[in-house]
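Letter by letter, the chains look like this.
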Amino acid sequence: MDRQQNIAIRMQRAVQAGEIPGMVLALGDRHGSKWEAGFGNRALGGADAMAPDSVFWIASMTKAITGTAAMMLVEAGKLSLDTPATALVPEIGALGVLEGFDEAGQPKLRPAKRPITLRHLLTHTSGYAYDMWSAEIARFRKVTGTPAVGTCRNAALALPLLFDPGEDWTYGIGIDWAGKMIEAATGEKLGAHLQRVIFEPLGMVDTSFKLRPDQRARLVSMHGRGADGALSVIPFEVPQEPEFETGGGGLYGTARDYLTFARMILNGGRHGDIRLLKPETVAEMARDQIAPLSVRPMIAAVPSATRDADFFPGMANGWGLTFLVNRKPSPQGRSAGGLAWAGLGNTFYWIDHGRGTAGIFLSQILPFFDPHAIALFRDFESLVNAD
């Protein structure tokens, strides 16, 4: 029995057991797409089967695409990794660093010791955080009435920093600010810019911030897993007329499209006859940028949105320019220096330069780091790498 059959059996059993409503997988290498398959249905209890062109909210898988666009502009001399971001977005970091709350419950803020740079934003060392993994930011939002980032309102980005830029790592809204820098440098809306420089050249026909009618017809429903483990369809949609298009998590797309993007990274910035990035730029994106810091487990502050998330328990991991970097070989057989990340709706990918493979796993379940979904993603990669 070959690996694809073993993977298919594992996924089908999970769907039949009710562990997950469905998923789409895609697998490729440097030479092309090797396999893509859907399992289960687009909605629990529905009749529409998952397919390679099923449309998902890919959430924070958007970050690597935004980061790629930023690095293309770095190559072109229109952005710089290490100059103050305030040159393009003067309001960035304006609130300074949050030092706690006073006796009246109001936030205590101080100026940051140094300016935020694009490198800080892409490596999550800027000090910006997400409230779902930061009780302090959740409290700040509540006290000040600051809207959630998912509203796609500009006011949602007016958050304080948790630490001085460059001094720690925490996962946050930095790449939304990188999207703002791209817009300022190009004079284009982020979605239009991504369409022109990435999606059209790569043939990513189903990736966008705004859903077309034909995409909506193939859209996968979001599911919520209750405290009892039961799943149900829940309403969900990224704002379709946003104040800002969120470079940190706003894209919809397909496994087929994302595999094309991942294979471009795997091939050092090239896809067929199209070159988006120089090989040395991709190598820099894949380099661990944050040592001696390490990526820490992300502890849930908003349990309705996420569970505690730790991709490699017991392993110290780094971060590149928008990618998680595993510093040692992973339990799933990923080579040291592998790249990966995920999206809030339990979408996942890996890019393994050592083995020359890329894999995409898309589902639509909240909260993030669903135990069944992450187990299936890990098993997918393990079975791909099985001897």
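Our subject in this report is the structure included herewith. (Residues numbered from 1 in each chain as written. Predicted model: local features only at pLDDT ≥ 70, side-chain atom pairs only at ≥ 80, totals over all residues. Heavy atoms only, no water.)

1. Some points on helix α8 (residues 255–266)
An α-helix turns once every 3.6 residues. As a result, residues three or four positions apart point the same way.
Reasoning step 1: With 12 residues, α8 extends 16 Å from end C-alpha to end C-alpha; this agrees with the ideal 16 Å at 1.5 Å per step.
Reasoning step 2: Summarising burial for α8: 11 of the 12 residues are buried, a large majority.
Reasoning step 3: Residues Ala 255, Asp 257, Tyr 258, Leu 259, Thr 260, Phe 261, Ala 262, Arg 263, Met 264, Ile 265 and Leu 266 constitute the buried set of α8.
Reasoning step 4: Gly 268, located one to two residues past α8, shows a positive phi value of around 70°. (Helix = DSSP H or I, 4+ residues; strand = E, 2+ residues; numbered from the N terminus. Expected span 1.5 Å × (residues − 1). Buried < 20%, exposed > 50% of the residue type's maximum accessible area, 1.4 Å probe, protein only.)

2. Some remarks on the sheet that holds strand β6 (residues 222–225)
Reasoning step 1: The strand order across the open sheet built from three strands is β7-β6-β16, with neighbouring strands paired in mixed fashion. Only two strands of the sheet have a single neighbouring strand rather than two, namely β7 (231–234) and β16 (365–366). (Pairing = 2+ DSSP bridges.)

3. Here's the deal with helix α5 (residues 174–186)
Reasoning step 1: With 13 residues, α5 ought to run about 18 Å at 1.5 Å a step, and its terminal C-alpha atoms sit 19 Å apart, in line with that.
Reasoning step 2: With 10 of 13 residues buried, α5 is to be regarded as a mostly interior element.
Reasoning step 3: One or two positions beyond α5, positive phi appears at Gly 187, with a value near 75°.

4. Looking at the pattern of salt bridges
Reasoning step 1: As enumerated under the stated definition, the model contains 23 salt bridges in all.
Reasoning step 2: With a closest N to O distance of 3.4 Å, Glu 284 and Arg 119 form a salt bridge. With Glu 284 in helix α9 (residues 279–286) and Arg 119 in helix α3 (residues 118–123), the pair connects residues that are 165 residues apart, well separated along the chain.
Reasoning step 3: Asp 214 serves as the salt-bridge partner of Arg 212, at 2.8 Å between the closest nitrogen and oxygen.
Reasoning step 4: In the salt-bridge network here, residues are joined through shared partners; they are Asp 82, Arg 119, Glu 284 and Arg 287. (Salt bridge = Lys/Arg side-chain N within 4 Å of Asp/Glu carboxyl O.)

5. Quick word on the packing of aromatic side chains
Reasoning step 1: Under the criterion given, the structure shown has 23 aromatic pairs.
Reasoning step 2: Between Phe 311 and Phe 369, the ring centres sit 5.2 Å apart and the planes meet at 70°, which makes this aromatic pair edge-to-face. Taken together, the positions of Phe 311 in the loop between α9 and β11 (317–319) and Phe 369 in the loop between β16 and α10 (371–385) put the pair 58 residues apart, joining distant regions of the chain. Each member of the pair Phe 311 and Phe 369 is classed as buried.
Reasoning step 3: Residue placement shows Arg 139 over the ring face of Phe 101; its charged tip is 4.0 Å from the ring centre. (Phe/Tyr/Trp six-rings, centres within 6.5 Å; stacked < 30°, edge-to-face > 60°. Lys NZ or Arg CZ within 6 Å of the ring centre and 35° of its normal.)

6. Comments concerning the sheet that holds β11
Reasoning step 1: Reading across the sheet, the seven strands line up as β2-β1-β15-β14-β13-β12-β11 and stay open at both edges, with antiparallel pairing between neighbours. Looking at which strands have only one partner, the edges of the open sheet turn out to be β2 (32–40) and β11. Geometrically, the sheet is characterised by an average inter-axis angle of 20° between neighbouring strands, direction not taken into account.
Reasoning step 2: Both strand β13 (residues 338–343) and strand β14 (residues 347–352) contribute to a ladder of five bridges, which runs antiparallel. Residue pairing across strands places Trp 341 opposite Tyr 349, the latter belonging to β14.
Reasoning step 3: Lying on the sheet, α8 is in contact with β1 (22–29), β2, β13, β14 and β15 (357–362); it crosses β15 at an angle near 155°. (Axes fitted to C-alpha atoms, helices over the stretch in contact; angles between N-to-C directions. Contact = heavy atoms within 4.5 Å.)

7. With respect to the nonpolar core
Reasoning step 1: Among the nonpolar cores identified, the biggest contains 124 residues, and Ile 198, Ile 360, Phe 361 and Phe 380 are the most heavily contacted of them.
Reasoning step 2: Sort the elements by how many residues they give to this core and α8 lands first, with eight residues.
Reasoning step 3: Not counting residues within four places of it along the chain, the set of residues in contact with Ile 198 comprises Ile 65, Thr 68, Ala 69, Met 72, His 193, Met 204 and Leu 276. (Core = buried A, V, L, I, M, F, W, Y, C linked by side-chain atoms within 4.5 Å.)

8. Here's the deal with the environment of Ile 116
Reasoning step 1: Mapping Ile 116 onto the fold places it in the loop between β5 (107–110) and α3.
Reasoning step 2: Among the residues examined, Ile 116 registers a relative accessible area of 5% and is labelled buried.
Reasoning step 3: With residues near it in sequence (within four places) discarded, Ile 116 still touches Thr 83, Pro 84, Ala 85, Ile 92, Gly 93, Leu 121, Ser 126, Tyr 128, Leu 161 and Pro 165.

9. Quick look at the side chain of Ser 60
Reasoning step 1: Within the secondary structure, Ser 60 sits in the loop between β3 (56–57) and α2 (62–75).
Reasoning step 2: Under the relative-accessibility criterion, Ser 60 is labelled buried at 11%.
Reasoning step 3: For Ser 60, the side chain forms a polar contact with the side chain of Tyr 171, separated by 2.9 Å.
Reasoning step 4: Excluding residues that lie within four positions of it along the chain, Ser 60 makes contacts with Tyr 130, Tyr 171, Gly 248, Gly 249, Trp 341, Ala 342, Gly 343 and Leu 344. (Polar contact = N/O pair within 3.5 Å; in protein donor to acceptor, adjacent residues only side chain to side chain.)

10. As for the pairing of β13
Reasoning step 1: Counting buried positions along β13 gives six out of six residues, so the element sits mostly inside the fold.
Reasoning step 2: In this sheet, β13 lies alongside strand β12 (residues 324–326) in antiparallel orientation, the contact comprising three bridges. In the sheet register, Asn 326 faces β13, and the bridge partner there is Gly 338.
Reasoning step 3: Linking β13 back to β14 in an antiparallel pair, the connection comprises three residues, with Asn 346 at a positive phi of about 65°.

11. Some remarks on the side chain of Thr 68
Reasoning step 1: Residue position: Thr 68 is located in helix α2.
Reasoning step 2: At 2.9 Å, the side chain of Thr 68 forms a polar contact with the backbone oxygen of Ala 64.
Reasoning step 3: Not counting the four nearest positions on each side in its chain, Thr 68 is found in contact with Ile 198, Phe 261, Met 264, Ile 265, Leu 277 and Met 285.

12. A look at the pairing of β14
Reasoning step 1: With six of six residues buried, β14 is to be regarded as a mostly interior element.
Reasoning step 2: Every second residue of β14 is oriented toward a common face, with Thr 347, Tyr 349 and Ile 351 on one face and Phe 348, Trp 350 and Asp 352 on the other, all of them buried.
Reasoning step 3: Inspection of the sheet shows β14 paired to β15 by six bridges, in the antiparallel sense. Following the sheet pairing, Tyr 349 is matched in β15 by Ile 360.

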